[in-house]
Amino acid sequence: MLIHPWDAPRDDTEWQRWLADHDFGQPAVNGLPGEPPHVQPLHFAHDPERNVVLTHLARPNPLWPALEADPEVVLSVVDDYVYVPGPWQAAPDVPPGHGTPTSFYAAVQLRCRAHVVDDPAEKAALLNRQVDHFQPRGGSARAAVGEAPYGRMLAGIRGLRLEVRDVRAKFKYAGHRTDEVRDRIAAGLAARGGPGDAKARDHLLHRQRA
């Protein structure tokens, strides 16, 4: 992922706060010889204090043999993306039709080393931590070995703990444009009001003020 200086996060807090609200991504795992990479959509729980990501997958998932052969993983999370028409980006001294269309988006890539969790008690604890993340108000029974309702299901999954080794983050929101152009883009996003436009506009204005 190319990251220009003007698209880089202002500090670690920016990408950490964004990732806290974006907990669905795609880990990419190198395929076995002769196979393409494996890419698996999934929910995850990021624990910044321990610098790990927690998730799980079904035991029959074809990702496991590749992961055991090469535990290096990139977890990719992309959201808040919009298409920006060329006229919105045109410099003040050129015709609107000469503006360059582009995409805005936020992206975080976590380079990780994977650790497979097969111990039943450890899997139960991992599942409970995931549920605590997604259901902080509770409402579901706790997973426990040998106990209903989830104990018998533990054999059908494998846990995955991703140890975060490096982070690459990008917030592509016209950071190199003039205030006049960014104001025009912000007005265009507000007027269009399409999917993602409000969040993209928030990113643009926040980074313009920073």
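Residues numbered from 1 in each chain as written. Predicted model: local features only at pLDDT ≥ 70, side-chain atom pairs only at ≥ 80, totals over all residues. Heavy atoms only, no water.

### Section: the pattern of salt bridges
Heads up, the condition is: Salt bridge, as used here, is a side-chain nitrogen of Lys or Arg placed within 4 Å of a carboxyl oxygen of Asp or Glu. By definition, any uninterrupted DSSP run of H or I lasting at least four residues is a helix, any uninterrupted run of E lasting at least two residues is a strand, and each is numbered from the N terminus. Only protein chains enter the accessibility calculation, which uses a 1.4 Å probe; a residue whose area is less than 20% of its type maximum is buried, one above 50% is exposed, and one in between is partly exposed.
One pass over the structure, following the stated rule, counts 12 salt bridges. Between Arg158 and Glu68 there is a salt bridge, with its nearest N and O atoms 3.0 Å apart. Here Arg158, found in strand S8 (residues 157-172), pairs with Glu68, found in helix H2 (residues 63-69); they are 90 residues apart in sequence, far enough to count as distant. Put simply, Asp132 and Arg142 hold a salt bridge, and the shortest N to O gap is 2.7 Å. Note that Asp132 is positioned in helix H4 (residues 120-134) and Arg142 in the loop between H4 and S8, a separation of 10 residues in sequence. Look at Arg142 and you get partly exposed, because its relative accessible area is 46%. Through salt bridges that share partners, Arg59, Glu68, Asp118 and Arg158 make up one connected network.

### Observations concerning the side chain of Lys170
Rules: The term polar contact refers here to a pair of N or O atoms within 3.5 Å; inside protein, the definition further demands a hydrogen-donor-capable atom paired with an acceptor-capable atom, and it admits residues adjacent in sequence only when both atoms are side-chain atoms. Residue contacts are defined here by distance: any two heavy atoms, one from each residue, within 4.5 Å place the two residues in contact.
When you line up the elements, Lys170 lands in strand S8. A distance of 2.6 Å separates a polar side-chain atom of Lys170 from the backbone oxygen of Leu2. Polar side-chain contacts of Lys170 include one of 2.9 Å to the side chain of Tyr105. Setting aside chain neighbours within four positions, we find Lys170 in contact with Met1, Leu2, Ile3, Asp7, Tyr105, Ala106 and Ala107.

### Some words on the packing of aromatic side chains
Formally: Any pair of Phe, Tyr and Trp rings, taking the six-membered ring for Trp, is counted once the centres come within 6.5 Å. Such a pair is stacked with planes under 30 degrees apart, edge-to-face with planes over 60 apart, and tilted for the rest.
Evaluated as defined, the whole model comprises two aromatic pairs. Here the aromatic rings of Trp18 and Phe171 are separated by 6.3 Å at their centres, their planes lie at 90°, and the arrangement is edge-to-face. On the criterion of sequence distance, the pair formed by Trp18 in helix H1 (residues 12-20) and Phe171 in strand S8 is long-range, its members being 153 residues apart. In this pair, the class of Trp18 matches that of Phe171, namely buried. Relative to Tyr173, the ring of Phe104 lies with its centre 5.5 Å away and its plane at 65°, an arrangement referred to as edge-to-face. Here Phe104, found in strand S7 (residues 102-117), pairs with Tyr173, found in the loop between S8 and helix H5 (179-192); they are 69 residues apart in sequence, far enough to count as distant. In terms of burial, Phe104 and Tyr173 fall into one category: buried.

### Points about the pairing of S8
Regular strands place side chains that alternate from one sheet face to the opposite one. So the rule is basically this: In this scheme, strands are said to pair when DSSP sees at least two bridges between them.
Looking at chain direction, strand S5 (residues 52-58) and S8 are connected through seven bridges and run antiparallel. Across the sheet, Val52 pairs through a bridge with Glu163, a residue of S8. Pairing of S7 with S8, which is carried by 13 bridges, proceeds in the antiparallel orientation. Counterpart to Val116 in the pairing with S8 is Leu160.

### Remarks on the side chain of Gln208
With respect to the helices and strands, the residue Gln208 is situated in helix H6 (residues 197-209). In contact with Gln208, other than residues within four places in its own chain, are Asp179, Arg182 and Asp183.

### Concerning the pairing of strand S1 (residues 24-29)
Residues Gly25, Pro27 and Val29 line the buried face of S1, whereas the alternating positions Phe24, Gln26 and Ala28 sit on a face that is not buried. Across two bridges, S1 lies against strand S3 (residues 42-43) in antiparallel orientation. Bridge assignment links Gly25 to a residue of S3, and that residue is Leu42. Here S1 runs beside strand S2 (residues 38-39); their pairing, made up of two bridges, is antiparallel. Bridge pairing in S2 links Ala28 to Val39.

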